[in-house]
Every structure is written in C-alpha cells, then in structure tokens.
Amino acid sequence: MTASFRKIFHGRAEQRYQDGMKDQLGALSLVLNALVLFNARYMDAAVNQLRSDSFDVRDEDGTRLSPFVRHHINMLGRYSFQLPNLPGGLRPLRDKDATDDE
C-alpha cells in the first residue's frame with residue numbers, strides 16, 4: 001500500500017483474500033481521486049478569485065500547488081452524499097478576513 005493510500009485508509013490494513021484486497025485498493029483509489037479532484041477544483045476557484053481581486057498570482061506559483069492536501073478532510077466523520085444546490089457547483093470560498101474559528 002503506498003504512502004498516499006496509508007494517509008487516507010481507515011480500518012483494517014490487511015485482508016486475507018486477494019479479491020478483497022483488489023476491491024479495497026479500488027475503493028481507496030476512488031476516494032483518493034475524489035479528494036484530488038475536490039481539492040483541484042477549489043484550488044482553481046481560489047486562484048481565480050485571487051486574480052479577480054487583482055492579487056498577483058503567477059503561473060509558476062501554481063506549479064507548486066498540490067491537490068493532495070487532506071488536513072481539512074475529516075476521515076472519521078459522517079457524510080451526506082446528497083448534493084446541495086450550490087451556485088456554480090462549488091461551496092463559497094472562505095472569506096479572507098475571517099478567522100479560523102468562523
């Protein structure tokens with residue numbers, strides 16, 4: 001299991017049957033890909049917002065961004081998979097003037 005999978009995986013690390021292991025790795029790949037897609041969409045929206053606010057964001061700065069951040073993901077929480085009606089398909093970006101407590 002790669003380091004990327006270990007960061008996301010929760011539960012038993014081993015399963016005796018090869019088919020079960022393939023299913024487990026397939027599910028982990030799906031979760032990892034969904035996380036990267038989610039982060040990439042929001043990072044793109046944040047960069048576009050910064051640029052529209054006349055903040056100088058250079059293209060070479062964008063090459064240093066990684067969509068594999070996971071500290072904002074609660075791996076042990078409960079999740080609803082019913083999609084709310086969000087403008088543009090994304091939730092609003094965090095207000096730059098807001099504190100971390102908000």
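Cut-offs applied
- Residues numbered from 1 in each chain as written.
- Predicted model: local features only at pLDDT ≥ 70, side-chain atom pairs only at ≥ 80, totals over all residues.
- Heavy atoms only, no water.
- Helix = DSSP H or I, 4+ residues; strand = E, 2+ residues; numbered from the N terminus.
- Buried < 20%, exposed > 50% of the residue type's maximum accessible area, 1.4 Å probe, protein only.
- Contact = heavy atoms within 4.5 Å.
- Areas by Shrake-Rupley, 256 points an atom, 1.4 Å probe, with all protein chains shown as cover.
- pLDDT = per-residue confidence, 0-100.
- Salt bridge = Lys/Arg side-chain N within 4 Å of Asp/Glu carboxyl O.
- Phe/Tyr/Trp six-rings, centres within 6.5 Å; stacked < 30°, edge-to-face > 60°.

Undergrad: In this structure, what is going on with the overall build of the protein? I would like to understand it.
TA: Across its full length, the protein holds 3 helices and 0 strands. Within the protein, buried positions represent 13% of all 102 residues. Long-range contacts, defined here as pairs at least 24 residues apart, represent 65% of the contacts in the protein between residues at least 6 apart. Accessible surface, the protein as shown: approximately 9000 Å² in total, 53% of it carbon and sulfur.

Undergrad: Can you walk me through the confidence of the model for the protein in this structure?
TA: Parts of the prediction with low pLDDT should not have their coordinates interpreted in detail. Averaged over every residue, the pLDDT of the protein is 77; the share at 70 or more is 75%. Taken element by element, the predicted model of the protein shows its lowest mean pLDDT in helix α1 (residues 3-8) (60) and its highest in helix α3 (residues 59-62) (86).

Undergrad: Just to check I follow, could you spell out the pattern of salt bridges for this structure?
TA: Side chains that differ in sign of charge can pair as their charged atoms come close. By the definition in use, this model includes 3 salt bridges. With a shortest N-O distance of 3.8 Å, Arg58 and Glu60 are connected by a salt bridge. Relative accessible area serves as the criterion here: at 42%, Arg58 is assigned to the partly exposed category. By relative accessible area, which is 42% here, Glu60 ends up partly exposed. Its salt-bridge partner being Asp61, residue Arg58 comes within 3.1 Å of it at the nearest N-O pair. Here the salt bridges share partners, and the residues they tie into one network are Arg58, Glu60 and Asp61.

Undergrad: Would you explain the packing of aromatic side chains in this entry?
TA: Pairs of aromatic rings are described using the distance from one ring centre to the other and the angle between the two planes. In the structure shown here, the tally under the stated rule is 1 aromatic pair. Taking 4.7 Å as the distance between ring centres and 45° as the angle between the ring planes, the aromatic pair formed by Phe38 and Tyr42 counts as tilted. Pair noted here: Phe38 and Tyr42 are both in helix α2 (residues 18-52), with a separation of 4 residues, about one helical turn. Phe38 sits in the partly exposed class, given a relative accessible area of 34%.

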